[in-house]
Amino acid sequence: KMYDLFPATNGATLNIALNKEDAAYPFYHIQFVRGSRLGYADITKKGGHVLSFLLERPVNEAVITQQQAREMATNFLQDAGYTDVVYVEARENHEAWHFVFTRQVGDALVYPDSIQLKLAKDTGEILGLNAMEYIQKETLPVMAPKEIVFEDYFDDSVNVEDTKLVYTESDSFDLVLCYEVIVRMNNDQHDTYRVLINAETHDVVEVEPLT
């Protein structure tokens, strides 16, 4: 499974161990070395699902665009069997593109069930993956969203840029269905905020400044 998903590990020297018996589920921890490439993969014993992967190697000049890397990441997740996730966000550093994909259930994104991917800017190769949160699939609460007329909910000083339904954790670590609303203020700075609103009660759960 590791060779299929990460071809660059083919021919590497491997050290394979099973995790401790008291873990939530058994998985293989595979350390590998091949020339200047070294890293590890954690793959579940049942089903062969990739929990995490890390590859360290020199990275050359960046030539892969964000769109190309995003398409590569999407194709990789499909091949790896993660077929119910959608793209959420991207960031970058000088060596790699970092993407977050999240499980989608109906019309809602389940933020706690997310996968993080790191792709090299020189070739688009997978340098890192973390699917631990995704594998620990959340049990979703039964909640019925009530429609909000956002033009009435916010005053005239607020422009609504985007809205979506999401499941997220409250301060008490309970999963809550929320409207995620991106708003921009009508001020000189055009401050932007991410507002989470309980989809049933319409109470504000969180306000996060984005600028």
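Residues numbered from 1 in each chain as written. Predicted model: local features only at pLDDT ≥ 70, side-chain atom pairs only at ≥ 80, totals over all residues. Heavy atoms only, no water.

Asker: Please clarify how unusual backbone geometry should be interpreted in this entry.
Answerer: Excluding glycine, residues mostly have negative phi values, and the peptide bonds linking residues are mostly trans. Its identity as a non-glycine residue notwithstanding, H202 has a phi of 65 degrees, on the positive side. Considering the arrangement of structural elements, one finds H202 in the loop between β11 (192-198) and β12 (204-209). (Helix = DSSP H or I, 4+ residues; strand = E, 2+ residues; numbered from the N terminus.)

Asker: When you look at the pairing of strand β10 (residues 175-185) in this model, what are you seeing that I'm missing?
Answerer: For a regular strand, side chains alternate in direction, first toward one face of the sheet and then toward the other. With 9 of 11 residues buried, β10 is to be regarded as a mostly interior element. Bridge count for strand β9 (residues 158-169) against β10 is 11 bridges, and the pairing is antiparallel. Looking across to β10, one finds that V166 is bridged to C178. The pairing of β10 with β11 spans 7 bridges and is classified as antiparallel. Opposite E180, over in β11, you have L196 as the bridge partner. Between the antiparallel neighbours β10 and β11 lie 6 residues, among them H190 with a positive phi of about 50 degrees. (Buried < 20%, exposed > 50% of the residue type's maximum accessible area, 1.4 Å probe, protein only. Pairing = 2+ DSSP bridges.)

Asker: Which parts of the structure should I look at to understand the packing of aromatic side chains?
Answerer: In total, this model carries 9 aromatic pairs according to the counting rule given. Aromatic pair F32 and F53: ring centres 5.8 Å apart, planes at 15 degrees, arrangement stacked. Of the two residues, F32 sits in strand β2 (residues 27-34) while F53 sits in strand β4 (residues 50-56), which places them 21 residues apart along the sequence. When sorted by exposure, F32 lands in the same class as F53, which is buried. Seen from their ring centres, Y87 and F101 are 5.9 Å apart, and the 70 degrees between their planes marks the pair as edge-to-face. In this pair, Y87 sits in strand β5 (residues 85-92) while F101 sits in strand β6 (residues 96-105), placing the two residues 14 residues apart along the sequence. Three or more aromatic residues joined by ring pairs make a cluster, and in this case those are F6, F32, F53 and F76. Positioned above the aromatic ring of Y87 is the side chain of R70, whose terminal nitrogen or guanidinium carbon lies 3.7 Å from the ring centre. Seen from the ring of W97, K121 lies directly overhead, with NZ or CZ sitting 4.6 Å from the centre. (Phe/Tyr/Trp six-rings, centres within 6.5 Å; stacked < 30°, edge-to-face > 60°. Lys NZ or Arg CZ within 6 Å of the ring centre and 35° of its normal.)

Asker: Help me out: how do you make sense of the environment of E89 in this one?
Answerer: Examined against the element boundaries, E89 turns out to sit in strand β5. Residue class for E89 comes out partly exposed when judged on its relative accessible area of 46%. In the structure, E89 is positioned 72 residues away from A17 in sequence and 34 Å away in space, judged by C-alpha atoms. Those residues in contact with E89 that lie beyond four places of it in its chain are H98, F99 and V100. (Contact = heavy atoms within 4.5 Å.)

Asker: Explain a nonpolar patch on the surface to me, please; I cannot follow it from the model alone.
Answerer: On the surface, a cluster of nonpolar side chains totalling about 430 Å² of accessible area is made up of Y3, L14, I16, L18 and Y28. Sort the elements by how many residues they give to the nonpolar patch and strand β1 (residues 13-18) lands first, with 3 residues. Tracing the backbone through its elements, the reader meets Y3 in helix α1 (residues 2-5). (Patch = residues over 30% accessible without salt bridge, like charges linked within 9 Å, V, L, I, M, F, W, Y side chains within 5 Å. Areas by Shrake-Rupley, 256 points an atom, 1.4 Å probe, with all protein chains shown as cover. Salt bridge = Lys/Arg side-chain N within 4 Å of Asp/Glu carboxyl O.)

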